[in-house]
There are 2 protein chains.
Amino acid sequence: MNTKFDIKKVEKISKALGDPYRIRIMEAIKQEQDWMQCATIVDMFNLAQSTISHHVNQLVDADLLLTEKDGRNAKYKINKEVFNDYVQFLNNFKF
Amino acid sequence: MNTKFDIKKVEKISKALGDPYRIRIMEAIKQEQDWMQCATIVDMFNLAQSTISHHVNQLVDADLLLTEKDGRNAKYKINKEVFNDYVQFLNNFKF
DNA sequence: TTTATACATTTAAATATTTCGATATATTTA
DNA sequence: TAAATATATCGAAATATTTAAATGTATAAA
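Peer 1: Looking at this model, I keep getting lost on the overall build of chain A. Mind explaining?
Peer 2: Helices and strands together make up the secondary structure of chain A, namely five helices and three strands. The order of helices and strands in chain A, counted from the N terminus, is α-α-β-α-α-β-β-α. For a compact globule of 95 residues, the expected C-alpha radius of gyration is about 12 Å, and chain A comes in at 14 Å, within 12% of that figure. Reported as C-alpha extents along the three principal axes, the dimensions of chain A are approximately 45 × 25 × 20 Å. Counting across all 95 residues of chain A, residues that qualify as buried make up 44%. For chain A, the proportion of contacts with a sequence separation of at least 24, taken over those separated by at least 6, is 57%. Accessible area for chain A stands at about 5300 Å²; split by element, carbon and sulfur atoms hold 44% of it. With 14 positive and 13 negative side-chain charges, chain A shows a spacing of 2 Å between the two charge centroids.

Peer 1: Help me out: how do you make sense of the interface of chain B and chain A in this one?
Peer 2: Accessible area lost upon the coming together of the parts is a frequently used measure of interface size. Listed per partner, the contact involves 27 residues of chain B and 27 residues of chain A. Both sides together, the interface formed by chain B and chain A hides about 2500 Å², and carbon and sulfur atoms give 74% of it. Per-residue buried area on chain B facing chain A is highest for I7, F93 and K94 of chain B; these three make up 26% of the total on that side. Joining chain B to chain A, the criterion identifies zero salt bridges. Between chain B and chain A we count five residue pairs in polar contact (both at pLDDT 80 or more) in total. Put simply, the parts of the chain that give the side of chain B that touches chain A at least two residues each are α1 (7–16), α2 (20–31) and α5 (80–91) of chain B. A total of eight residues in the side of chain B that touches chain A trace back to one element, the largest contributor, which is α5 of chain B. Its residues assigned to classes, the side of chain B that touches chain A shows 14 nonpolar, five polar and eight charged.

Peer 1: Please clarify how the relation of the copies chain B and chain A should be interpreted in this entry.
Peer 2: Between the two copies of the chain lies a rotation about an axis combined with a shift along it. In screw terms, the move from chain B to chain A is a rotation of 180° and a rise of 0.0 Å along the axis, fitting with an RMSD of 0.0 Å. Expressed as a symmetry operation, the mapping of one chain copy onto the other fits a two-fold axis. Taking C-alpha positions as reference, the residue of chain B nearest the rotation axis is S14 of chain B, located at 2.4 Å.

Peer 1: How should I be thinking about the protein's contact with DNA strand C in this particular structure?
Peer 2: Looking at DNA strand C, there are 23 residues lining it, with Q49 of chain A together with A48, T51, H55 and G71 of chain B nearest. When atoms of DNA strand C within 4 Å of the protein are sorted by moiety, sugar and phosphate together comprise 65%. Contact distances for DNA strand C include 3.2 Å between a base oxygen and a side-chain N or O atom of R72 of chain A. Between DNA strand C and the protein, one listed contact pairs a phosphate oxygen with a side-chain N or O atom of T51 of chain B at 2.8 Å. Residue assignment for the surface near DNA strand C shows that the elements contributing at least two residues are α3 (38–44), α4 (49–61) and β3 (73–78) of chain A together with α2 and α4 (49–61) of chain B. When residues in the surface near DNA strand C are grouped by element, the largest group, five residues, is from α4 of chain B. Grouping the amino acids of the surface near DNA strand C by side-chain chemistry returns seven nonpolar, 11 polar and five charged.

About the criteria used
Residues numbered from 1 in each chain as written. Chains lettered and ligands numbered in written order. Predicted model: local features only at pLDDT ≥ 70, side-chain atom pairs only at ≥ 80, totals over all residues. Heavy atoms only, no water. Helix = DSSP H or I, 4+ residues; strand = E, 2+ residues; numbered from the N terminus. Rg over C-alpha atoms; globule rule 2.2 N^0.38 Å. Buried < 20%, exposed > 50% of the residue type's maximum accessible area, 1.4 Å probe, protein only. Contact = heavy atoms within 4.5 Å. Areas by Shrake-Rupley, 256 points an atom, 1.4 Å probe, with all protein chains shown as cover. Lys, Arg positive; Asp, Glu negative; His and termini not counted. Charge placed at Lys NZ, Arg CZ, Asp CG, Glu CD. Buried area = accessible area lost by both parts, 1.4 Å probe. Salt bridge = Lys/Arg side-chain N within 4 Å of Asp/Glu carboxyl O. Polar contact = N/O pair within 3.5 Å; in protein donor to acceptor, adjacent residues only side chain to side chain. Nonpolar A, V, L, I, M, F, W, Y, C, P; charged D, E, K, R; others polar. Least-squares fit on C-alpha atoms with pLDDT ≥ 70 in both. Near = heavy atom within 4 Å.

Purely geometric stuff here, so don't read any function into it on its own.
Given below as structure tokens:
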């Protein structure tokens, strides 16, 4: 893939994964076969809607989540390609 | 490889990798065949020795680095097992 | 075409992280 | 034993992140 995968990108992705709520959001979306609705995520946690919005935005900004608008609803799914690139970067440390 | 790999562990590792200096420290140590001396890392960056110590400690705390004392010197190397576990966790997002 | 719904954005407070200088500790060397 | 060296820890300032209330915006329903 053509993601420019430099230190900044690694930093951004790592930071995005460096919060327990955001990890749990990712895991919840992972369970879904396809897209997960924003409202479902909001219902899932005892956090203000604005806080969830903020967390989800960080995941989208780091390209860990893909998003689409569906009328007035927003939906999210895992961006598998970016995970692939990130894992590839980390694999270098294993050898 | 019996690391208890829960959300807290993922959070800690991700946070540790969420800083450009720490990523560069990891990459520098990766280059070494074996251990890297603490002093080498300190010389490598334009940061106070105490700041480097702090960063390296976060990497050690997250188990990303293994450390040993060698007289009055400290040395570090990559903990490949933990990378393996972390990558394994992340791989779940790819499928 | 008003009203309700779903999300995003702004603002501000609380909390956490980064950074460095000063100091402490532990080890080696003179 | 004293001085020098290597690293760690402490305390404080600067900066960044987290969180939520309030508000804004776009869409759907009545």
